[in-house]
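Here are the chains, one letter per residue:
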Amino acid sequence: MLSTCLLAAVLLPFVSAKPLLTKRWSDYEVKHAWNSVPKGWKCQGSAPADHLLDMRIALKQDKFDDLVTALYEVSDPTHEKYGQHLTKEQVDALVAPHPTSVDLVDEWLTAHGIDASTAERTNGGSWLRLPVTVDQASRMLNATYEIYHHENTEEYIVRTLSYSLPAALHPHVGVVTPTTYFGTMRSMRKTSFLQPEIKPIDNDHEIAAQLTDPASLATVPSSCSTTITPACLRALYNTTSYVPKATDVNSLGVAGYLDEFANNADLQTFFSRFRMDAVGATFQTVQVNGGGNDQSDPGVEANLDIQYTEGISFPTPNVYFSTGGSPPFVPDSQTPTNTNEPYLDWLNFILAQSSIPQTFTTSYGDDEQTVPFDFATQVCNLFAQLGARGSSIMFSSGDDGVGGGSCTTNDGTNTVRFQPNFPASCPFVTTVGGTVRVNPEVAVSFSGGGFSNYFAQPSYQSAAVKTFLTRLGTTNAGLFNTTGRAYPDVAAQGQGFQVVIGGRTSSVAGTSASSPTFAGVIALLNDFRLSQGKSPLGFLNPILYSTGAAGFNDITSGSNPGCQTNVRLFYCSPSQVCL
Ligand SMILES: *[C@@H]1O[C@H](CO)[C@@H](O)[C@H](O)[C@H]1NC(C)=O
Ligand SMILES: *[C@@H]1O[C@H](CO)[C@@H](O)[C@H](O)[C@H]1NC(C)=O
Ligand SMILES: *[C@@H]1O[C@H](CO)[C@@H](O)[C@H](O)[C@H]1NC(C)=O
């Protein structure tokens, strides 16, 4: 296809003059626009007018502030409502849109010839999903949909560089997708990588035998400085002697995305080598939105996640969520496809269930600046719903230190600034950084960390961040946003993990290893609370930065360079919370 990208932008307004819109619906104001094509993508020409988009419209959640208030009340260990998590129905009521928003959006859809009653409505009616042609979407959003090709992933998507909404709708609509978010499940970064330089070990039966009486941290074998197995982590984080009891109600969820399958045969091999008492234990795979489960195609990320969540939390039931999208878009085919953004399908699926795992881990992320602010805000708000319902949500902090590559901003100025990761930067998730070695455990150099440019610093961390910034002084001043949400919140081992992939053990690194590790420990803590008839821990950050801090070991050395500079931003405060 010839590149008609520029031409299309000029022609489209003429083409799209079809239904005569009243002034109200043609009075566009820009909702989001890029000033250049996002990195890695190349425009291939206009999208076919009849191509079907799987459109999502997020309406403003009328009582969202009340939801956030409720979230902090039930998550604050000193509040009388601590642990009194909300039901799905209570959350849905708080995130419902105002009736005026519903009416206005329905009128707008009708004006574009769309039957508003056919829209699927979830999250208390705040998210609408409906099939819309490129032609319709272009007129609704004064957008120019084009086909973009990713040079590394070979993926094709249909997106626009800008979109608008009628001025009357701006106070009522949070985000519309697919529009300007170019991230996809394939192009997003998994936060794990193979370490061929670290020779894998056959098994750790000897180490495991030494640890039958783990009286103190001093018994953590020195081999754990190089190769990590469940025995190392259980000794280091002192969970060896804990026997889970609430396995009938407690569970741990791993969110996996397109083409990453957790392999059961590999899990059994892993157990026989590294956690013999767990041989025979499996996990449940839940396929979301057409997600696959090809047991002949084990994924490094998926196997790492499930082998370590289960290696630590056994016999707690583990659930692997394999989230798909519809088949990738092929530009020369007439088949309608959606080109979904990550998380939305998974989040909408999870939030629609009345009973959900108490602990979740996810090991994917992207530079915050590549995620449009309106999209990031709406997705981050969905994580708040999970917390209000009593789930602890862990995200890996990223594997690029304070930023990968040259760290130039994409606002047209090409300024060098540290690049935070999203969703790690969302204040409603618990972000896990990486460490290495034992006695002492130190920060690992790739561990993602920084300050959000989108989300303001939540009060739960303001004292810890203040201490951190005071110590840091003027170092790196101007390269990061001191008023933003700072992360990671905690850290755990992140290198030399022994993972079985296709029957063979390999060494794997990444904060992708740290997040499942931390989630495994949280699942055990949840087990303890549930077995005592208490609520699960729920959203962790308020307790991590207050009464829970005493349970953590302070990581006081190491650094996490990035942005092609040698910086030191990863440092832990005396309040024992790692930032
Ligand atoms: C619609 O978008 C185009 C650019 O794609 C812009 O030139 C035009 O002014 C916009 N129309 C309105 C009414 O805002
Ligand atoms: C490890 O946990 C046990 C309880 O299971 C506790 O008695 C012991 O003090 C803990 N050790 C350390 C070093 O925290
Ligand atoms: C810094 O973060 C705040 C949120 O706390 C945000 O409003 C502001 O735009 C950010 N500044 C920059 C330069 O990104």
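Residues numbered from 1 in each chain as written. Chains lettered and ligands numbered in written order. Predicted model: local features only at pLDDT ≥ 70, side-chain atom pairs only at ≥ 80, totals over all residues. Heavy atoms only, no water.

**Section: the overall build of the chain**
Argument step 1. In terms of helices and strands, the chain carries 15 helices and 25 strands.
Argument step 2. For the chain, the exposed area adds up to about 21900 Å²; of that, 54% sits on carbon and sulfur atoms. (Helix = DSSP H or I, 4+ residues; strand = E, 2+ residues; numbered from the N terminus. Areas by Shrake-Rupley, 256 points an atom, 1.4 Å probe, with all protein chains shown as cover.)

**Considering the state of the cysteines**
Argument step 1. Under the criterion given, the structure shown has three disulfides.
Argument step 2. What pairs with Cys224 in a disulfide is Cys232, and their sulfur atoms sit 2.1 Å apart. A torsion of -85° about the S-S bond marks the disulfide between Cys224 and Cys232 as left-handed.
Argument step 3. Disulfide partner of Cys380: Cys426, at an S-S distance of 2.1 Å. Across the disulfide from Cys380 to Cys426, rotation about the S-S bond amounts to roughly 80°, and the bridge is consequently right-handed. Residue Cys380 is found in helix α12 (residues 373–388), and its partner Cys426 is found in the loop between β18 (421–422) and β19 (430–436); the two are separated by 46 residues along the sequence. (Disulfide = S-S within 2.5 Å.)

**Some details on the nonpolar core**
Argument step 1. One finds Ile57, Trp108, Leu109, Leu141, Trp346 and Phe383 to be the most contacted residues of the largest nonpolar core, which totals 91 residues.
Argument step 2. Among the elements that line this core, the one with the most residues is α12, at nine residues.
Argument step 3. Two domains share this core, each providing at least three of its residues, namely domain 1 (4–62 + 97–182) and domain 2 (190–323 + 341–551).
Argument step 4. In this structure, Leu109 is in contact with Ile57, Ile114, Ala116, Leu128, Leu130 and Met140, ignoring residues within four places of it in sequence.
Argument step 5. Counting 37 residues, the second largest nonpolar core, distinct from the first, contains Ala262, Ala278, Tyr308 and Ala523. (Core = buried A, V, L, I, M, F, W, Y, C linked by side-chain atoms within 4.5 Å. Buried < 20%, exposed > 50% of the residue type's maximum accessible area, 1.4 Å probe, protein only. Domains from an automatic or database assignment. Contact = heavy atoms within 4.5 Å.)

**A word on the pattern of salt bridges**
Should the charged atoms of two oppositely charged side chains come close, the side chains can pair.
Argument step 1. What the rule picks out here adds up to 11 salt bridges.
Argument step 2. Here Lys81 and Glu73 are joined by a salt bridge, their closest N and O atoms 3.4 Å apart.
Argument step 3. Given the relative accessible area of 35%, Lys81 is considered partly exposed.
Argument step 4. A residue is classified by how much of its surface remains accessible, and Glu73, at 21% relative accessible area, is partly exposed.
Argument step 5. One salt bridge in this structure joins Arg139 and Asp135, with 3.0 Å as the shortest N-O distance. Of the two residues, Arg139 and Asp135 are both situated in helix α6 (residues 134–141); the distance of four residues between them amounts to about one turn of the helix.
Argument step 6. Residue Arg139 is classed as buried on the basis of its relative accessible area, which comes to 8%.
Argument step 7. It is possible to trace a salt-bridge network through shared partners that takes in Asp54, Arg56, Arg129 and Asp345. (Salt bridge = Lys/Arg side-chain N within 4 Å of Asp/Glu carboxyl O.)

**Thoughts on the pairing of strand β7 (residues 156–159)**
The side chains of a regular strand alternate, first on one face of the sheet and then on the other.
Argument step 1. As paired elements, strand β6 (residues 146–150) and β7 share four bridges and run antiparallel to each other. Each bridged residue has a counterpart across the sheet, and for Glu146 the counterpart in β7 is Arg159.
Argument step 2. Hairpin connection from β6 to β7: five residues lie between these consecutive antiparallel strands, with Glu154 at a positive phi of about 60°. (Pairing = 2+ DSSP bridges.)

**Brief notes about the sheet that holds strand β25 (residues 504–509)**
Argument step 1. Spatial strand order, β11-β25-β24: three strands in an open sheet with antiparallel pairing. Each edge of the open sheet carries a strand with a single partner, namely β11 (193–194) and β24 (497–501).
Argument step 2. In the sheet, β24 pairs with β25 via five bridges, with the strands oriented antiparallel. For Val500, the partnering residue across the bridge sits in β25 and is Thr505.

**Re helix α5 (residues 99–111)**
Argument step 1. With 13 residues, α5 should reach 18 Å at 1.5 Å per residue; the first-to-last C-alpha distance of 18 Å fits that figure.
Argument step 2. Among the residues making up α5, those that are buried are Ser101, Leu104, Val105, Asp106, Trp108 and Leu109.
Argument step 3. Looking one or two places after α5, you find Gly113, whose phi comes out positive at around 75°. (Expected span 1.5 Å × (residues − 1).)

**Let's talk about the environment of Ala49**
Argument step 1. Tracing the backbone through its elements, the reader meets Ala49 in the loop between β2 (41–46) and β3 (52–59).
Argument step 2. A residue is classified by how much of its surface remains accessible, and Ala49, at 45% relative accessible area, is partly exposed.
Argument step 3. In this structure the C-alpha to C-alpha distance between Ala49 and Tyr145, which are 96 residues apart in sequence, comes to 8.8 Å.
Argument step 4. Dropping the residues within four chain positions of it, Ala49 is found in contact with Thr133, Val134 and Asp135.

**Quick word on the side chain of Asp374**
Argument step 1. Within the element layout of this structure, Asp374 appears in helix α12.
Argument step 2. Lys31 provides the closest opposite charge to the buried, unpaired Asp374, separated from it by 4.5 Å.
Argument step 3. The residues contacting Asp374, other than those within four sequence positions of it, are Lys31, His32, Tyr163, Gly174 and Val175. (Lys, Arg positive; Asp, Glu negative; His and termini not counted.)

**As for the confidence of the model for the chain**
Parts of the model with low pLDDT should not have their predicted coordinates read in detail.
Argument step 1. Predicted confidence across the chain gives a mean pLDDT of 89, with 89% of residues reaching 70 or more.
Argument step 2. Predicted confidence is poor over residues 7–17, with pLDDT under 50, and the contacts of this stretch with residues over four places away or in other chains come to eight contacts. (pLDDT = per-residue confidence, 0-100.)

**Some details on the sheet that holds β3**
Argument step 1. Reading across the sheet, the four strands line up as β4-β5-β3-β9 and stay open at both edges, with antiparallel pairing between neighbours. Edge strands, defined here as strands with exactly one partner in the open sheet, are β4 (120–122) and β9 (173–177). Looking at each pair of strands side by side, their axes are set apart by 25° on average, direction ignored.
Argument step 2. Here β3 runs beside strand β5 (residues 127–133); their pairing, made up of seven bridges, is antiparallel. Note on β5: the bridge partner recorded for Leu52 is Thr133.
Argument step 3. Along the sheet, α6 makes contact with β3, β5 and β9, crossing β5 at roughly 120°. (Axes fitted to C-alpha atoms, helices over the stretch in contact; angles between N-to-C directions.)

**Overview of helix α4 (residues 88–95)**
Argument step 1. Those residues of α4 that sit buried are Lys88, Val91, Asp92, Leu94 and Val95. Looking straight down α4, one finds that the buried residues subtend no more than 165° of arc, so they occupy a single side.
Argument step 2. In the core, the buried residues of α4 are packed alongside α3 (64–75), α11 (344–351) and α12. (Arc of directions from axis to C-beta.)

**Regarding the packing of helix α9 (residues 264–274) against helix α10 (residues 300–313)**
Argument step 1. Look at α9 against α10: their axes get within 10 Å of each other, and the N-to-C directions meet at 45°. By the angle class used here, α9 and α10 are oblique. Handedness of the crossing formed by α9 with α10: right-handed. Contacts between α9 and α10 pair Asp266, Leu267, Phe270 and Phe271 from the former with Asn303, Ile306, Gln307, Tyr308, Glu310 and Gly311 from the latter.
Argument step 2. Class assignment of the residues belonging to the contact of α9 with α10 gives a composition of five nonpolar, three polar and two charged. (Parallel < 35°, antiparallel > 145°, perpendicular 65-115°, else oblique. Left-handed = near helix turned anticlockwise from the far one by under 90°. Nonpolar A, V, L, I, M, F, W, Y, C, P; charged D, E, K, R; others polar.)

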